[in-house]
Structure formats: structure tokens, C-alpha cells
Amino acid sequence: MLIGASVVAGLSLKEVGGFSGLQEKYPQAIPEARYANTSCGMPRDDSFVMLRGPNSDIPWPGFILGQTPASIWYWCADQIMIQRVIAAKSLSHAQGSTILAGYLKILPVFLMVIPGMVSRVLYKDTVGCATESTCMAYCKSKVSCSNLAYPELVINIMPTGLRGVMIAVMLAALMSDLTSIFNSASTLFTMDIWPLFRKHAKTKEKLLVGRGFVLIMTVASILWIPVIEMLQGGQLFIYIQAISAYLSPPIAAVYLLAVLSKRINEQGAFWGLTVGTVVGLIRMIWEFASPAPRCGLEDTRSVIVKLHYMYFAIVGFWLTLITSVVVSYFTTKPTEAELTRTTVWTMQMPELNVQYKGSTTTQKTSASSDPGREERPKNNNNIAKWWCTKVFMWICGFNEVEDQIEGPKEPTINSLEQTSFMKKIIWANSIIIIVIGFILYLYFTFGFKP
């Protein structure tokens with residue numbers, strides 16, 4: 001993926017005469033068809049600036065104070081990330097892999113954003129379409145065709161052989177993201193929500209529920225595509241950031257409180273998440289019901305709906321934080337056993353010898369020893385039905401699956417110890433990646449001269 005994206009970036013910059021050529025040509029990438037007496041289709045004067053004015057499309061106060069909670073949720077509390085970190089062999093491996101991912105996250109500026117701007121220069125009348133008729137003719141969208149900027153480069157710039165490889169890589173990356181999301185969502189539903197309705201569900205039932213939930217999510221995702229095309233000017237990336245700004249700040253606030261405070265309890269976290277999520281859902285539904293008008297028309301929506309999603313993320317974050325703190329301080333304080341190795345201040349506390357009630361044994365009932373297992377019928381009339389059942393069970397992955405009846409188990413807590421050498425390596429790379437991020441922001445905000 002990195003090699004293919006690097007080739008696309010190099011070939012695209014070559015088409016416009018390098019980065020200096022992009023700086024010169026991007027402000028001139030104005031489509032022929034656009035609405036008169038408007039700025040629709042005109043490249044922004046601050047297109048090469050990352051931290052923009054407070055009233056712009058990416059306001060710097062909202063970006064720093066509002067986008068940060070969404071990033072904390074993504075990196076620290078998102079199930080997709082947590083699954084991989086928990087699977088790490090040690091604390092050093094978990095921290096090192098996160099830092100490596102941080103280094104890789106720097107690359108999209110050069111491998112995706114800049115090639116996207118090149119695509120706007122090369123295909124200003126299609127990728128940069130500004131009227132409803134031209135956009136509909138090109139990509140069947142009424143508002144924008146910017147989502148096709150990168151595919152246009154891959155199809156039109158790369159050689160024939162590399163073109164097919166890159167398209168395969170893009171599809172593989174998309175499938176990998178989708179499978180990760182579906183797997184995480186299915187796990188959360190099957191393990192946390194389904195037991196509320198079926199407390200003694202067996203393994204086969206959980207497998208069937210998990211696969212069924214993935215199927216439902218797939219259908220729902222397909223049906224949701226028209227909504228995505230309608231909102232946020234049809235720009236998929238902006239849509240993702242907006243939804244994250246509505247729903248993720250409560251999770252980030254509770255996560256930070258849980259890690260940094262020894263006074264926050266379950267009641268505070270629950271009510272903080274509830275209040276923040278409900279407020280975010282109201283804003284999201286309100287925006288669905290009142291989408292932004294197309295470029296050139298007056299926006300007569302409510303002030304709350306017109307509030308930039310990054311600014312709204314600030315509101316959601318602090319509302320959740322305040323609610324959690326207030327409720328926690330008026331309810332029971334967490335015990336020492338509940339705080340063991342759960343906060344920054346208690347991370348190195350020795351494990352308490354907590355006695356667990358109930359049996360710790362696990363009974364396994366395999367398919368071969370299950371007295372209720374359906375044996376192959378001797379009557380020929382029922383053989384077809386028996387084989388259909390076997391095929392269905394095989395497709396769903398149920399053959400050779402064991403039903404487990406498990407009692408409470410004592411948790412296995414891995415050591416959090418690190419060698420001084422690994423600590424120095426991790427801290428050094430943490431500082432390096434932070435410095436690189438600051439340099440890029442400062443350069444593209446203050447030191448860059450388009």
C-alpha cells in the first residue's frame with residue numbers, strides 16, 4: 001500500500017511540475033461551469049494552510065479543542081485499536097506498535113492530501129465540479145465529486161500493470177477496514193448486548209448471532225450510502241469527521257476521567273456517556289433532517305445546526321466531563337480493589353488477592369459427546385433433511401464447535417514492567433513524533449508561502 005501510494009504521489013506531482021507547480025496551478029483550478037456571482041468552485045485562498053481562521057471550514061480553535069477528543073477516542077478507546085493493543089505480547093510491544101502507527105499517520109498528508117489536490121488541478125471540471133448538473137453527469141452526485149479524486153489519479157496516471165495492482169490494493173484496504181469494523185461491532189453486540197436477552201446462550205447461538213449481526217450491518221451500510229452522499233457536501237472524509245465529532249467526545253471524556261481520576265465511578269461514567277451521547281444524537285438527527293443547502297444558496301437553518309461540528313465536539317466533551325464529575329462526587333467512591341491497575345496513579349499497585357465466588361471450572365460438551373446431538377437418521381426419508389442441516393451448520397462454522405459452560409475466572413494480568421532501554425526508546429520516539437507533528441502544523445500554518 002505504501003509503495004503504491006508513493007508511486008501515485010510521485011507520478012501525480014510530476015504531472016503538475018512538482019510541489020512548486022502545484023502551488024502555482026492549484027489556485028487556478030477553476031471549473032468552467034459554475035454558478036455566477038458566487039465563490040462556488042473557486043479554490044480557497046488558504047488551501048495550503050492547516051490551521052485556518054475561526055470561521056473557516058477547518059477552524060483552528062475547533063480543530064485543536066474539538067478534534068482532539070475525537071482523536072483520543074480513535075486511538076485510545078476505539079474497539080478496532082483496542083483489540084490489537086490488547087493482543088500485544090507486552091506493554092513495550094503495545095506502546096511501540098502505537099508509535100509506529102503514529103509515524104504511518106503522518107504519511108497521508110503527502111500520499112493522499114497532496115495527490116488529491118493534484119487531481120483537482122488535472123480534472124478541474126470533473127473532480128472540482130461546482131454545479132448540480134455537471135456533478136450529476138460525472139458522478140451521479142448533486143453536490144460534489146471530490147470522492148473520486150484519488151481513483152481518477154490511479155486510473156489515468158498509473159501504467160496499465162501498476163494500475164490493476166493499485167486498484168486491488170485499494171479494494172483490499174477497504175475490505176480490511178470493513179471486516180475490522182464489522183468484527184468489532186459484532187463482538188460488542190454478541191458479548192455485551194445479547195447476554196442481556198439470553199443469559200445462558202451457548203457458543204453456537206453466539207456464533208449465529210454474531211454472523212447475523214454482521215449481515216444486518218452490511219445491509220444497513222449499503223442503505224446508508226444515499227444519506228452520506230447528501231450530507232457534508234458529499235465529501236466522505238468530512239462526513240466521517242462530523243459523525244465522530246457528534247458521538248466520540250463523550251467516550252473520550254469518560255476515558256480520560258477513568259484513567260486520570262481515582263474518584264470517577266460507574267454511575268458518573270454511565271450518566272456522562274448517556275447525556276453526551278443523547279445530545280450528540282440530537283444534533284446528528286437534526287442535521288440529517290436539515291441538510292446544508294448547496295453552494296450559492298443562503299443557509300437559513302438554526303444556529304445550533306450551523307455550528308461547526310468541531311465546535312460542537314467541544315460542547316459534547318465538556319458536557320460529558322462535567323456530568324460525570326458531578327454524579328461521581330454525589331455517589332459512592334470506588335474501593336481500592338476497583339482502582340487496582342486501572343488508573344495512571346494505581347498502575348503499579350500490587351494485585352490484590354480477591355476471592356471470586358463460584359466455580360472456575362469449564363465444562364466442555366463437544367459435538368461428539370453431546371447427548372442431545374442429532375445423529376444421522378436411519379430412515380432414508382430424513383437423510384435429505386439431515387444433510388441440509390449439516391451443510392447449513394458447516395457454512396456457519398458450527399461443526400466441531402464446543403459449547404462451554406464457564407464459571408467466573410480469575411483474570412490474568414500481564415506484567416507492566418519495562419526495561420530502561422525500552423522505556424528510553426519509546427519515550428524518544430514519542431517525543432520525535434510529537435515534534436514532527438508540531439513542525440508540520442507550524443510550517444503549513446505560519447511558515448508556508450503559497
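Just above, that's the structure.
Let me sum up the structure you'll find in this document. Small disclaimer: the values here were computed from a predicted structure and weren't measured. (Residues numbered from 1 in each chain as written. Predicted model: local features only at pLDDT ≥ 70, side-chain atom pairs only at ≥ 80, totals over all residues. Heavy atoms only, no water.)

Some thoughts on the overall build of the protein
No. 1: A tally of regular secondary structure across the protein gives 20 helices and 2 strands.
No. 2: Looking at the protein as a whole, 32% of its 450 residues are labelled buried.
No. 3: Expressed as a percentage of contacts within the protein between residues at least 6 apart in sequence, the contacts between residues at least 24 apart total 72%.
No. 4: Accessible area for the protein stands at about 28,100 Å²; split by element, carbon and sulfur atoms hold 66% of it. (Helix = DSSP H or I, 4+ residues; strand = E, 2+ residues; numbered from the N terminus. Buried < 20%, exposed > 50% of the residue type's maximum accessible area, 1.4 Å probe, protein only. Contact = heavy atoms within 4.5 Å. Areas by Shrake-Rupley, 256 points an atom, 1.4 Å probe, with all protein chains shown as cover.)

With respect to the packing of helix H13 (residues 236-247) against helix H17 (residues 309-329)
No. 1: Across the interface, H13 lies against H17 with an axial gap of 8 Å and an inter-helix angle of 20°. On the basis of their axis angle, the class for H13 and H17 is roughly parallel. Here the hand of the crossing between H13 and H17 comes out left-handed. Across from Ile238, Gln241, Ala242, Ala245 and Tyr246 in H13, the residues of H17 making contact are Tyr309, Phe312 and Ala313.
No. 2: Along the lines of polarity and charge, the residues of the contact of H13 with H17 split into 7 nonpolar, 1 polar and no charged. (Axes fitted to C-alpha atoms, helices over the stretch in contact; angles between N-to-C directions. Parallel < 35°, antiparallel > 145°, perpendicular 65-115°, else oblique. Left-handed = near helix turned anticlockwise from the far one by under 90°. Nonpolar A, V, L, I, M, F, W, Y, C, P; charged D, E, K, R; others polar.)

Side note on the state of the cysteines
No. 1: Scanning the model with the defined rule gives 2 disulfides in all.
No. 2: A sulfur-sulfur distance of 2.1 Å marks the disulfide that ties Cys129 to Cys135. Since a negative S-S torsion denotes a left-handed disulfide, the Cys129-Cys135 link at about 105° is right-handed. Each member of the pair, Cys129 together with Cys135, is buried. (Disulfide = S-S within 2.5 Å.)

Regarding the packing of aromatic side chains
No. 1: This model, assessed by the stated rule, comprises 12 aromatic pairs.
No. 2: Note on Phe19 and Phe48: the rings are 6.2 Å apart at their centroids and 85° apart in plane angle, and the pair reads as edge-to-face. Here Phe48 lies in the loop between helix H2 (18-25) and helix H3 (60-65) and Phe19 lies in helix H2, a separation of 29 residues in the sequence.
No. 3: Using a relative accessible area of 25% as the deciding quantity, one classes Phe19 as partly exposed. (Phe/Tyr/Trp six-rings, centres within 6.5 Å; stacked < 30°, edge-to-face > 60°.)

Section: the pattern of salt bridges
A side chain with one charge can pair with a side chain of the opposite charge if their charged atoms come near.
No. 1: Summed over all chains, the structure comprises 6 salt bridges.
No. 2: Between Asp57 and Arg44 there is a salt bridge, with the nearest N and O atoms lying 3.6 Å from each other. Taken together, the positions of Asp57 in the loop between H2 and H3 and Arg44 in the loop between H2 and H3 put the pair 13 residues apart, joining distant regions of the chain.
No. 3: What makes Asp57 partly exposed here is its relative accessible area of 33%.
No. 4: Across the pair Asp57 and Arg52 runs a salt bridge whose closest N-O atoms are separated by 2.9 Å.
No. 5: On the basis of relative accessibility, which here comes to 11%, the residue Arg52 falls in the buried class.
No. 6: Salt bridges sharing common partners tie together Arg44, Asp46, Arg52 and Asp57. (Salt bridge = Lys/Arg side-chain N within 4 Å of Asp/Glu carboxyl O.)

Examining H13
No. 1: Helix length check: H13, at 12 residues, gives a terminal C-alpha distance of 17 Å against a target of 16 Å (1.5 Å per residue), a fit within 8%.
No. 2: Along H13, the residues classified as buried are Tyr239, Gln241, Ala242, Ile243, Ser244, Ala245 and Tyr246. (Expected span 1.5 Å × (residues − 1).)

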